[in-house]
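Summary of the model geometry
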Amino acid sequence: MSKDAVESAQAAASTQAAQAARTPADAGDAGYSKDLKARHVNMIAIGGAIGTGLLLGAGGRLHNAGPALALAYLVCGVFAFFVVRALGELVLYRPSSGSFVSYAREFLGEKGAYVAGWMYFLNWSTTGIADITAIALYTHYWSMFTSIPQWLLALIALAVVLAVNLISVKIFGEMEFWFAIIKVATIVGFMLISIFLLATQHKVGGHTPGLSVIGDHGGLFPHGAMPVVLVMQGVIFAYAALELVGVAAGETAEPEKVVPRAVNSIMWRVGLFYVGSVVLLALLLPGSVYSADESPFVTVLSKIGVPAAGDVMNLVVLTAAMSSLNSGLYSTGRILRSMAMAGSAPKFTARMNRNQVPYGGILLTCAVCVLGVGLNYLVPSQAFEIVLNVASLGIISTWVIIMLCHMIFVRRARAGLVTRPRFQLKFSPATEVATIAFLLVCLGMMWNDPDVGRKTLLLIPVIAVMLVAGWFGVRRRVARNTDRELSELTK
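Notes on the structure in this doc start here. (Residues numbered from 1 in each chain as written. Predicted model: local features only at pLDDT ≥ 70, side-chain atom pairs only at ≥ 80, totals over all residues. Heavy atoms only, no water.)

**Concerning the overall build of the protein chain**
Note the threshold: Elements are defined by DSSP. Helices are runs of H or I of four residues or more, strands are runs of E of two residues or more, and each kind is numbered from the N terminus. Between two residues, a contact is recorded if the distance between any of their heavy atoms is within 4.5 Å. Here the open area of atoms and residues is found with the Shrake-Rupley method and a 1.4 Å probe, where only the protein chains shown may cover a residue.
The helix and strand inventory of the protein chain stands at 20 helices and zero strands. Put simply, 80% of the contacts in the protein chain that link residues at least 6 apart link residues at least 24 apart. Of the roughly 20500 Å² of accessible surface on the protein chain, 66% is carried by carbon and sulfur atoms.

**Notes on a positive patch on the surface**
Short version of the rule: Only residues whose relative accessible area exceeds 30% and that take part in no salt bridge are eligible for patches, with like-charged residues grouped when within 9 Å of each other and nonpolar side chains (Val, Leu, Ile, Met, Phe, Trp, Tyr) grouped when within 5 Å. Salt bridges are identified by distance alone: a Lys or Arg side-chain nitrogen within 4 Å of an Asp or Glu carboxyl oxygen. Positive charges come from Lys and Arg, negative ones from Asp and Glu, while His and the chain ends are left out of the count. Where a charge lies is defined by one atom per residue type, namely NZ (Lys), CZ (Arg), CG (Asp) and CD (Glu).
On the surface, K111, K347, R475, R476, R480 and R484 cluster together into a patch of positive charge. No other element matches helix α20 (residues 460-489), which puts four residues into the positive patch. When you line up the elements, R476 lands in helix α20.

**Considerations on helix α5 (residues 69-93)**
Three- or four-residue spacings in an α-helix give side chains the same orientation, since the helix completes a turn every 3.6 residues. Heads up, the rule is: Every helix has an expected span of 1.5 Å times one less than the residues it contains. For the exposure calls, accessible area comes from a 1.4 Å probe over protein chains only, and a residue counts as buried if that area is under 20% of its type's maximum, exposed if over 50%, partly exposed in between.
Compared with the 36 Å implied by 1.5 Å per residue over 25 residues, the 36 Å span of α5 between its first and last C-alpha is a close match. Taken across its 25 residues, α5 has 18 buried, putting it largely inside the fold.

**Describing the side chain of T365**
Inspection of the secondary structure puts T365 in helix α16 (residues 359-378). The residues contacting T365, other than those within four sequence positions of it, are F121, S125, L329, T332 and L336.

**What about the packing of helix α7 (residues 109-139) against helix α8 (residues 150-167)?**
For clarity, the cut-off: Between N-to-C directions, angles span 0 to 180 degrees; the directions come from axes that are lines fitted to C-alpha atoms, helices contributing only their stretch in contact. Note on angle classes: values under 35 degrees are labelled roughly parallel, values over 145 roughly antiparallel, values of 65 to 115 roughly perpendicular, and the remainder oblique. The crossing is said to be left-handed when, going from far helix to near helix, the turn is anticlockwise and less than a right angle, and right-handed when the turn is clockwise. Polar here means any residue other than Ala, Val, Leu, Ile, Met, Phe, Trp, Tyr, Cys and Pro, which are nonpolar, and Asp, Glu, Lys and Arg, which are charged; Gly is therefore polar.
At a minimum axis distance of 8 Å, the contact between α7 and α8 shows a crossing angle of 120°. It follows from the interaxial angle that α7 and α8 lie oblique. Relative to α8, the crossing made by α7 is right-handed. Touching I132, T133, I135, A136, L137 and T139 of α7 are Q150, L153, A154, A157 and L158, all from α8. Grouping the constituent residues of the contact of α7 with α8 by class yields eight nonpolar, three polar and no charged.

**Here's the deal with the packing of α8 against helix α15 (residues 309-342)**
With their axes 10 Å apart at the nearest point, α8 and α15 run at an angle of 50° to one another. Classified by the angle their axes make, α8 and α15 are oblique. The interaxial crossing formed by α8 with α15 has right-handed handedness. Of the residues in α15, those touching α8 at A157, L158, V160, V161, L162, V164 and N165 are M322, L325, N326, L329 and Y330. Classifying every residue of the contact of α8 with α15 gives 10 nonpolar, two polar and no charged.

**Focus: the packing of aromatic side chains**
What counts, and what does not: Pairing of aromatic side chains here covers Phe, Tyr and the six-membered ring of Trp, requires ring centres within 6.5 Å, and sorts the geometry by plane angle: under 30 degrees stacked, over 60 edge-to-face, intermediate tilted. For a Lys NZ or an Arg CZ to count as sitting over a ring, it must be within 6 Å of the ring centre and within 35 degrees of the ring normal.
Within the structure shown, the criterion is met by 15 aromatic pairs. Taking the centre distance of 4.5 Å and the plane angle of 80° together, the rings of F190 and F297 count as edge-to-face. Taken together, the positions of F190 in helix α9 (residues 169-200) and F297 in helix α14 (residues 296-303) put the pair 107 residues apart, joining distant regions of the chain. F297 matches F190 in its accessibility class, with the two residues each being buried. Each member of the aromatic cluster is reached from another via a ring pair, and the members are Y73, Y239 and Y274. Across the ring face of F423, the terminal group of R85 is positioned such that the distance to the ring centre comes to 3.9 Å.

**Considering α8**
Look at α8: 27 Å from first C-alpha to last across 18 residues, which is about the 26 Å you get at 1.5 Å a residue. Those residues of α8 that sit buried are Q150, L153, A154, A157, L158, V161, L162, V164 and N165.

**A look at unusual backbone geometry**
In this chain, S428 is followed by P429 through a cis amide linkage whose omega measures 5°. Residue Q356 is not a glycine yet carries a positive backbone phi of 65°. Position of Q356 among the secondary structure elements: in the loop between α15 and α16. In the Ramachandran plot, F427 falls in the positive-phi region, its phi being about 60° despite a non-glycine side chain. Tracing the sequence through the fold places F427 in the loop between α17 (383-414) and α18 (430-444). Residue F427 is classed as exposed on the basis of its relative accessible area of 69%.

**Concerning the pattern of salt bridges**
Scanning the entire structure with this criterion turns up three salt bridges. Between E89 and R420 there is a salt bridge whose closest N-O contact spans 2.6 Å. Note that E89 is positioned in helix α5 and R420 in the loop between α17 and α18, a separation of 331 residues in sequence. Of the charged contacts in the structure, one is a salt bridge between E106 and R94, with a shortest N-O distance of 2.9 Å.

**Section: a nonpolar patch on the surface**
On the surface, a nonpolar cluster with roughly 340 Å² of combined accessible area is contributed by L71, L74, L220 and F221. We classify F221 as partly exposed; its relative accessible area is 39%.

**So, the environment of V228**
Mapped onto the elements of the fold, V228 is located in helix α11 (residues 226-238). Judged by relative accessible area, V228 falls into the buried class, the value being 5%. Spatially, the C-alpha atom of V228 lies 8.4 Å from that of L71, the residues being 157 residues apart in sequence. Apart from residues no more than four positions distant in its own chain, V228 is found in contact with A65, A68, A72 and F221.

**What about the side chain of E110?**
Structurally, E110 can be placed in helix α7. Here E110 falls in the buried class, since its relative accessible area comes to 19%. Not counting chain neighbours up to four residues away, the residues in contact with E110 comprise R105, A342, W471, V478 and T482.

**Some thoughts on the environment of M407**
For M407, the location among the structural elements is in helix α17. The exposure class of M407 is buried, given its relative accessible area of 15%. Measuring from C-alpha to C-alpha, the distance between M407 and P429 comes to 6.0 Å, with 22 residues separating the pair along the chain. With residues up to four places along the chain from it excluded, the contact list for M407 reads P429, E432, V433 and I436.

So this is what it looks like as structure tokens:
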């Protein structure tokens, strides 16, 4: 190569480096404020790890699986941690509000980003329907609200959370911070009461708490090992929303400090709150006493005569549902903007208001949730179960895509094309392969539920056809956007 050619290449490289310094690696990252503080991101991580899956769902699972449910939460928690750790490494490599959609674009191409984004949208839009349905159901617990139609309560809840999301990301962060504080305080309070009951051997519903409660009622596996295996398909969904840490990192000023701390803390929080709570529940009462119709915390507290236990826990579970809806609107707004800037989502979802909030994507998610209000009007008794199972397809695909992106990222790092940060997911690619296999097994286990799970799996071909049709509808626009970005970088 001639000297002139070398100098020309160096000049082009320096020009591109300068351009990269001015322009975000993902066009969808431009224009955001950096108003999320460390405490916000930490609490978003906690809020994602604690939801109705524990506060409400653990009762029915304890009834079906027995004390070994704690093992199911532990195993699923380990794989959930692998996913978040992989995402955390990608965030430190390149923080982005587009999160895994942005990484899918880099490592899997535009088709990968398209699938990742729309499956995540499917997850959160249907979860949003489940959340507003849950909020309406929990509100009906109090007699003063029973005369208000379920669909109207769902609509009011959606309007309130929408307003909060549109104001500013700082308000969203504050709301999530206090929602998480309420959930953590409730669980810590319950655990302290449980430890006191164990230490004093105070009877709970006629049972003396301790290992004898487990030993005298069938041991760890009162119904055998199979119910524990089958319950994992529901347990894994209890950890959905942990990936919010990756989205929030794009709007914090110091992701390199905040993200590792938040991700590392997830593991001990899972151990303490999920596994610890289930162990204490199993030591206090036999699994057969708990039910899917009542929070297990209410079951215990009511057995020892705590006044208004049902009212307090209902308020906490209501808070958890509001938190989930709040997070869903936040994350889909950012993901859809990243997609719109690439051409794979409607143009209006790229729009931001003067408070640097991507209101277009948030409003699109709300539009789907309004359809959920209609579902609450038509089939109020079945709305929750229908949409929750559809959401499960979205979260499984999202986590699989995160692990695929990380695997390709590590491969490129070993080839010297990119540099891995010090904060890493260990034992790649074995960790990613094991996690993907586990997630696919959990998905397959839905076939054992003929009423809802099997019907949900039969939706996969329908969703696949819709994705393919959608891709043919946007591929030209995506190609034009890609060509334009390349021409701007080479100017």
